[in-house]
Amino acid sequence: MFRFTLKVLSFLVFAGAGTVFGQIEISELKDPSVVDGCSCSVQTLNEAKKPDSQKYLFLHEYGNDAWMNINGKDTKLTRVKSTEDEDVEYKVGRRFYEEYSAKGIKVRVDYLTTWICSPDDEGCEVTKYDITITVTKGDDSKIVKATGVCGC
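What counts and how
Residues numbered from 1 in each chain as written. Predicted model: local features only at pLDDT ≥ 70, side-chain atom pairs only at ≥ 80, totals over all residues. Heavy atoms only, no water. Disulfide = S-S within 2.5 Å. Helix = DSSP H or I, 4+ residues; strand = E, 2+ residues; numbered from the N terminus. Buried < 20%, exposed > 50% of the residue type's maximum accessible area, 1.4 Å probe, protein only. Polar contact = N/O pair within 3.5 Å; in protein donor to acceptor, adjacent residues only side chain to side chain. Contact = heavy atoms within 4.5 Å. Core = buried A, V, L, I, M, F, W, Y, C linked by side-chain atoms within 4.5 Å.

Participant: If you had to explain the state of the cysteines to someone new, which residues and values would you point to?
Facilitator: Enumeration over the complete set of coordinates arrives at three disulfides. The partner cysteine of Cys40 in its disulfide is Cys150, sulfur to sulfur 1.9 Å. Every disulfide takes its handedness from the sign of the S-S torsion; for Cys40 and Cys150 that torsion is 115°, giving right-handed. Pair noted here: Cys40 is in strand β2 (residues 39–44) and Cys150 is in strand β9 (residues 140–151), with a separation of 110 residues, a long-range link. Given a relative accessible area of 6%, Cys150 falls into the buried group. Along the protein chain, the cysteines that take part in disulfide bonds pair up as 1-6, 2-5, 3-4, counted in sequence order.

Okay, here's the thing in C-alpha cells:
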C-alpha cells in the first residue's frame, strides 16, 4: 500500500510540474509597430538603459488603445478610465493612472512624472515617468516596475 501511495503521489507531483495555472507572464511586444504617432512607450528599467532599444512592455497612442504582450500574445487593450487632468500643470511629482481592459484581463498603469521639458525649450515634446503596471486576470495579478516616455 505504501508503494502504491508513493507512486500516485509521485505521479501527481510530476504531472502537475509542467502545467502552470493562474500565472501571468508579461513580455516585450513582438510587434512594436502597432503604435505610430504621438504616444507613450514603456520599457523595463534595464531595457531603458540601452539607448537604441526598441523593446517595449506597453505602448499606446494618446487617447487610443494600448498594447502589451500578455502570456506570449500581443494583446490590444481598450482604455476604460484615466485620472489624468489635462488642465493640471505638468510638473515633476505629478501622479495619475489609466485603466485598460481586454477579454478577461485588466491593466492599471500608474504614472509618476520624473522629468518635463524646460519651459524655454519650444522644440521639446516629451515627458518622462516612473511607471507601475499591474495586470490582473481572474484572482491573479502581476506588478512590473518600468519607465516610460510620452511625446510626439
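Participant: Pulling in residues and values, what's your account of the side chain of Gln43?
Facilitator: Checked against the element boundaries, Gln43 lands in strand β2. One polar contact links Gln43 to Ser53, side chain to side chain, over a distance of 3.2 Å. Engagement of the side chain of Gln43 in a polar contact is seen with the backbone oxygen of Lys55, the distance being 3.1 Å. Aside from chain neighbours lying at most four places away, what touches Gln43 is Ala48, Ser53, Gln54, Lys55, Tyr56, Leu57, Ala146 and Thr147.

Participant: Which residues make up the nonpolar core, and what values do they have?
Facilitator: Phe58, Met68, Val107, Ile133 and Val135 are the most contacted members of the largest nonpolar core, which has 23 residues in total. At the level of secondary structure, the elements contributing two or more residues to this core comprise β2, β4 (66–70), β6 (95–102), β7 (105–116), β8 (126–137) and β9. Apart from the residues within four sequence positions on either side, Ile133 is in contact with Val42, Phe58, Met68, Val107, Arg108, Val109, Lys142, Ile143 and Val144.

Participant: Break down unusual backbone geometry for me, citing the residues and quoting the values.
Facilitator: For Asn71, which is not a glycine, the phi torsion comes out positive at approximately 55°. Position of Asn71 among the secondary structure elements: in the loop between β4 and β5 (73–82). Residue class for Asn71 comes out partly exposed when judged on its relative accessible area of 34%.

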